[in-house]
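Structural description and commentary
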Amino acid sequence: MTTEHSPLAIWIIFVAAGLATYLIRLSFIPIIGKVDEVSPRIKGVLRFIPAAVFAALVLPLFLSVSVSPQTMPVITYEPAELLAGSVAAIVAWRTKNIVATITVGMMILWGMQIII
Amino acid sequence: MVGMSLLLFSGAAQLAVIDLIGQNAPVAVVIVTAIIINIRHIMYSASIAPYFRRFDTATKWVAAYFLADEIYAVSITEYRDPVTELRSHKLFYFGAATAFFTTWLSSTTLGVVLGANLPSGLSLEFAIPLTYLALLFSVLDDQSTEIAALVGGAVAVLASSVPLNLGLVIAASTGIVAGVVIDIRGGQFPKVDGTDGPDAERSSTTEVGEE
């Protein structure tokens, strides 16, 4: 991995993100005797976080929109990656199995790289 | 990398952090992104906390460190299963944690040792989007979460040129709002764990993909 960040900056990221993650995980565990339950309204909102975040992480890795003042916005993608990703998505949907999803996706990507 | 695995102990956030560091995103943006990705652990903490009620304080604080997706998933499934009677919530949790933690650390170490020698022509970095895909589909429980994902993903694509990688924050927030709106319109807000909503009985029989 090449980066312009200094080792110190990278360690600051790791420590800060790690500490925040720990505090998030801890949040309700010590206080559950005092506060009985998280409000259902909050839970009703929180339940969408994983789906929204993972989708927002993954889709731009396959599709991107390039905007320029002269032309209409154009959707760009790598055909081999998009095909491999689409088939892997079907596998993920059907099996909910991480290993199967990665295996099928990589096989198709490699197959396409050989063909093209 | 091994240090990161120890400090973060969170696959999805670690992948995003590596990705953003590689793109030279500002330090604050990387940290905020990791927090956004891991904010879902609040739900895990809230839902598993009652089962930890009888642990002593030190055990609770140690247990919190291990509350990663997989350990939470196997533990909460076991705790909620009315058939199996667990002799010890503590032993089950720390057993799962030990198995997952040692696998995670040894795999990371292996990756550090072997990673640099792997040929780049294999496009192994493509495993990262594939992993996110698998994680994404494992959290789609019903139509509202599917719409939250669809909206979040679409906005993320459109917002990908927004500076400082803020597109992710905008997209995820929009997706969450979309999901909540769908639940409110369907008269099933707040829906919790697929059972606690006001229309829980009706919704659990009409929806596909309920576990």
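The shown structure was predicted, so the numbers you read here are calculated from the model rather than taken from an experiment. (Residues numbered from 1 in each chain as written. Chains lettered and ligands numbered in written order. Predicted model: local features only at pLDDT ≥ 70, side-chain atom pairs only at ≥ 80, totals over all residues. Heavy atoms only, no water.)

Turning next to the overall build of chain B. Within chain B, the regular secondary structure consists of 11 helices and 0 strands. Going from N to C terminus, chain B has its helices and strands arranged as α-α-α-α-α-α-α-α-α-α-α. Here chain B, with 211 residues, has 45% of them falling under the buried criterion. The contacts of chain B with a sequence gap of at least 6 include a subset with a gap of at least 24, amounting to 58%. Element-wise, carbon and sulfur atoms account for 66% of the exposed surface of chain B, whose accessible area totals about 10300 Å². (Helix = DSSP H or I, 4+ residues; strand = E, 2+ residues; numbered from the N terminus. Buried < 20%, exposed > 50% of the residue type's maximum accessible area, 1.4 Å probe, protein only. Contact = heavy atoms within 4.5 Å. Areas by Shrake-Rupley, 256 points an atom, 1.4 Å probe, with all protein chains shown as cover.)

Another aspect to go through is the confidence of the model for chain B. Residues and elements named next belong to chain B. In the predicted model, chain B carries a mean pLDDT of 83, and the fraction of residues at 70 or more is 90%. Within chain B, helix 11 (residues 200-206) has the poorest average pLDDT of any element, 37, and helix 9 (residues 143-158) the best, 95. Counting interchain partners and residues more than four positions distant, the pLDDT-below-50 stretch residues 194-211 has 27 contacts. (pLDDT = per-residue confidence, 0-100.)

What follows covers unusual backbone geometry. Residue and element names in this part refer to chain B. Residue phenylalanine 189 is joined to proline 190 through a cis peptide bond whose omega torsion reads -5°. In this structure, proline 190 sits in the loop between helix 10 (167-185) and helix 11. The phi dihedral of phenylalanine 9 is positive, around 45°, even though this residue is not glycine. Along the chain, phenylalanine 9 turns up in the loop between helix 1 (2-8) and helix 2 (11-22). A positive phi angle, near 55°, is found at serine 123, a position not held by glycine. Along the chain, the position of serine 123 falls in the loop between helix 7 (89-115) and helix 8 (127-138).

To continue, consider the interface of chain B and chain A. Taken together, the contacts link 83 residues of chain B with 70 residues of chain A. For the pair chain B and chain A, the summed buried area comes to about 7100 Å², and 78% of that belongs to carbon and sulfur atoms. The salt bridge involving Arg47(A) is made with Asp142(B); its shortest N-O contact spans 3.1 Å. At the boundary of chain B and chain A, one finds 21 residue pairs in polar contact (both at pLDDT 80 or more). Those elements that place two or more of their residues in the side of chain B that touches chain A are helix 1, helix 2, helix 3 (27-38), helix 4 (41-48), helix 5 (57-65), helix 8, helix 9 and helix 10 of chain B. If one sorts the elements of the side of chain B that touches chain A by residue count, helix 8 of chain B sits on top with 11 residues. (Buried area = accessible area lost by both parts, 1.4 Å probe. Salt bridge = Lys/Arg side-chain N within 4 Å of Asp/Glu carboxyl O. Polar contact = N/O pair within 3.5 Å; in protein donor to acceptor, adjacent residues only side chain to side chain.)

Taken as a whole and assessed by the stated rule, the structure comprises 18 aromatic pairs over all chains. When the centroid spacing of 5.6 Å and the interplanar angle of 15° are considered together, the rings of Phe9(B) and Tyr65(B) count as stacked. A residue pair is termed long-range when its members are at least 10 positions apart, and Phe9(B) in the loop between helix 1 and helix 2 and Tyr65(B) in helix 5 qualify at 56 residues. The interplanar angle of 70° and the centroid separation of 6.1 Å between the aromatic rings of Tyr65(B) and Phe101(B) together place this pair among those described as edge-to-face. Pair noted here: Tyr65(B) is in helix 5 and Phe101(B) is in helix 7, with a separation of 36 residues, a long-range link. Judged by its relative accessible area of 18%, Phe101(B) falls in the buried class. For Arg94(A), the ring lying beneath its charged end belongs to Trp93(A), and the centroid distance is 4.3 Å. (Phe/Tyr/Trp six-rings, centres within 6.5 Å; stacked < 30°, edge-to-face > 60°. Lys NZ or Arg CZ within 6 Å of the ring centre and 35° of its normal.)

Turning next to the nonpolar core. Counting residues in each nonpolar core, the largest one holds 83 residues, and the members touching the most others are Val17(B), Ile48(B) and Tyr93(B). Tallying contributions element by element places helix 3 (residues 49-62) of chain A first for this core, with 10 residues. Split by domain, the residues of this core number at least three in each of domain 1 (1-120) and domain 2 (140-211) of chain B. Contact partners of Val17(B), with chain neighbours within four places excluded, come to Ile13(A), Phe14(A), Met4(B), Leu8(B), Val30(B) and Ala34(B). (Core = buried A, V, L, I, M, F, W, Y, C linked by side-chain atoms within 4.5 Å. Domains from an automatic or database assignment.)

Attention now moves to helix 3 of chain B. Helix length check: helix 3 of chain B, at 12 residues, gives a terminal C-alpha distance of 17 Å against a target of 16 Å (1.5 Å per residue), a fit within 8%. Those residues of helix 3 of chain B that are buried are in contact with helix 1 (7-26) and helix 3 of chain A together with helix 1, helix 2, helix 4 and helix 10 of chain B. (Expected span 1.5 Å × (residues − 1).)

Bringing the packing of helix 3 of chain A against helix 8 of chain B into the picture now. Interaxial distance between helix 3 of chain A and helix 8 of chain B falls to 9 Å at its minimum, and their mutual angle equals 145°. The element helix 3 of chain A and its partner helix 8 of chain B pack so that their crossing is left-handed. Contacts between helix 3 of chain A and helix 8 of chain B involve Ala51(A), Phe54(A), Ala55(A), Leu57(A), Val58(A), Leu61(A) and Phe62(A) on the former and, on the latter, Pro129(B), Tyr132(B), Leu133(B), Leu135(B) and Leu136(B). A breakdown of the residues in the contact of helix 3 of chain A with helix 8 of chain B according to their chemical character gives 12 nonpolar, no polar and no charged. (Axes fitted to C-alpha atoms, helices over the stretch in contact; angles between N-to-C directions. Left-handed = near helix turned anticlockwise from the far one by under 90°. Nonpolar A, V, L, I, M, F, W, Y, C, P; charged D, E, K, R; others polar.)

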